[in-house]
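# Structure assessment
Chain by chain, the residues:
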Amino acid sequence: RADGTEFIVEVSLVPIATDGGLRIMATIRDVIEAVEIEAHRHVLFEMIEAAHDGVFIFTLDTLEFTYVNHGAELQLGYTRDDLLSMSLLQIEPEFTEHSFRRLVEPLVGGAVDSVSFTTVHRNKDGTCSPVEVVLDYPSPVGPRKRRLVIAMVRDITERLQREEAIRCSEASLRLLDERERLARDLHDLVIQRLFAAGVGLQAIHSSITDERVAKRVADTVTELDLTISELRSAIFHLTTVTRASVASRTRDI
């Protein structure tokens, strides 16, 4: 430019025969905007490729894949070439073509902006993984007006495992609360009553003249002491040991 700055241009040269000889006509077009758009597209493409989630693009007409990112390869265990020769129904065991088209009908008709659902995907090794899927349907573009659907797929195996572990921990804590209530009842009611009974027997022991009866009373007091000791040991295991194990499992989630 006149100020010394430079910009990107596209130059077309056309030869023209004139009476004065051959001339060259140069058509120069500023393409900086087009270059910036292409650069932006490249950045978006790199971001999609680097995404951990799977990105699948398939045609609405045949449900065959036209694009998959690296995340899709990692999720399913197939190569990109494998997936580009497959259709959606080959990885969606819970859907038939009819049920899937019925699912996306509101999306294609414009009634909703996107469709979200959870299902399972069949991996290359035959196993199935739980996934969360979001479908988008951009307006058909290009001269062929291809109807393409974009699917963003997230493997939720770890999330479901964490949720199940949390549910198990919550159930264990509820059980622990019940055990602690039982332990309090044992300590406050049963042990106290047994202790009071033992004290009462000891109080009358010295006044018993029959040796056999006195021995039986002494043996009963001993048995009561052993019972109280065993109850205290049981109470300890009902609370301290159980709570420690539950707390350990909760920290590991």
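Read on for a plain summary of the structure. Predicted model, so just to flag it, every value in this text is computed and none were measured.

Basis of the calculations
- Residues numbered from 1 in each chain as written.
- Predicted model: local features only at pLDDT ≥ 70, side-chain atom pairs only at ≥ 80, totals over all residues.
- Heavy atoms only, no water.
- Patch = residues over 30% accessible without salt bridge, like charges linked within 9 Å, V, L, I, M, F, W, Y side chains within 5 Å.
- Areas by Shrake-Rupley, 256 points an atom, 1.4 Å probe, with all protein chains shown as cover.
- Salt bridge = Lys/Arg side-chain N within 4 Å of Asp/Glu carboxyl O.
- Helix = DSSP H or I, 4+ residues; strand = E, 2+ residues; numbered from the N terminus.
- Buried < 20%, exposed > 50% of the residue type's maximum accessible area, 1.4 Å probe, protein only.
- Pairing = 2+ DSSP bridges.
- Axes fitted to C-alpha atoms, helices over the stretch in contact; angles between N-to-C directions.
- Core = buried A, V, L, I, M, F, W, Y, C linked by side-chain atoms within 4.5 Å.
- Contact = heavy atoms within 4.5 Å.
- Polar contact = N/O pair within 3.5 Å; in protein donor to acceptor, adjacent residues only side chain to side chain.

## Comments concerning a nonpolar patch on the surface
Where nonpolar side chains cluster on the molecular surface, the patch consists of F7, V9, V11, L13, L22, I24 and I28 and spans about 680 Å² of accessible area. Counting residues per element, the ones that place at least two in the nonpolar patch are β1 (9-18) and β2 (21-30). The class for L13 is exposed, based on a relative accessible area of 58%.

## Looking at the sheet that holds strand β3 (residues 54-59)
With respect to topology, 5 strands assemble into an open sheet ordered β4-β3-β7-β6-β5, the strand pairing being antiparallel. The open sheet has two free edges, formed respectively by β4 (65-68) and β5 (114-122), since each of these has just one partner strand. Recorded for the sheet is a direction-independent mean angle of 25 degrees between the axes of neighbouring strands. Bridge count between strand β6 (residues 128-136) and strand β7 (residues 148-155): 6 bridges; the pairing is antiparallel. Residue pairing in the sheet places V133 in a bridge with V153 of β7.

## A look at the pattern of salt bridges
Counted according to the given criterion, the structure contains 13 salt bridges. A salt bridge links E10 to R29, with the nearest nitrogen and oxygen atoms 2.8 Å apart. In this pair, E10 is assigned in strand β1 and R29 in strand β2, connecting sequence segments 19 residues apart. Judged by its relative accessible area of 39%, E10 is partly exposed. According to the relative accessible area criterion, R29 is partly exposed, its value standing at 46%.

## Examining the nonpolar core
Ranked by size, the top nonpolar core spans 26 residues in total, and within it F56, F58, F65, F100 and L135 carry the most contacts. Sorting the residues of this core by element identifies β3, β4, α2 (70-76), α4 (97-108), β5, β6 and β7 as the ones contributing at least two each. Leaving out residues up to four positions away in the same chain, F56 has contacts with F65, Y67, V68, A72, Q75, L76, I91, V149, I150, A151 and V153. Grouped together as the second largest cluster of nonpolar side chains are 6 residues, A183, L186, I191 and I235 included.

## A closer look at the environment of V217
Inspection of the secondary structure assignment puts V217 in helix α6 (residues 211-252). Note on V217: relative accessible area 12%, which makes it buried. On a C-alpha basis, the gap between V217 and G198 in space is 9.3 Å, while along the polypeptide they are 19 residues apart. Here V217 is in contact with L201, H205 and I208, once residues within four sequence places are set aside.

## What to know about the side chain of N69
In this structure, N69 sits in the loop between β4 and α2. Separated by 2.9 Å, the side chain of N69 and the backbone oxygen of I48 make a polar contact. In this structure N69 touches I48, E49, A51, D53, G54, V55 and R80, once residues within four positions along its chain are discounted.

## Let's talk about the pairing of β1
Along any regular strand, the residues point their side chains to alternate faces of the sheet. Note that β1 and β2 share 10 bridges and pair antiparallel. By the bridge assignment for β2, T18 is matched with G21. Taking the residues that link successive antiparallel strands as the turn, the β1-β2 hairpin has 2 residues.

## Looking at the side chain of S87
In this structure, S87 sits in the loop between α3 (80-83) and α4. Using a relative accessible area of 14% as the deciding quantity, one classes S87 as buried. Residues contacting S87, with those up to four places away along its chain left out, are T62, L63, E64 and F65.

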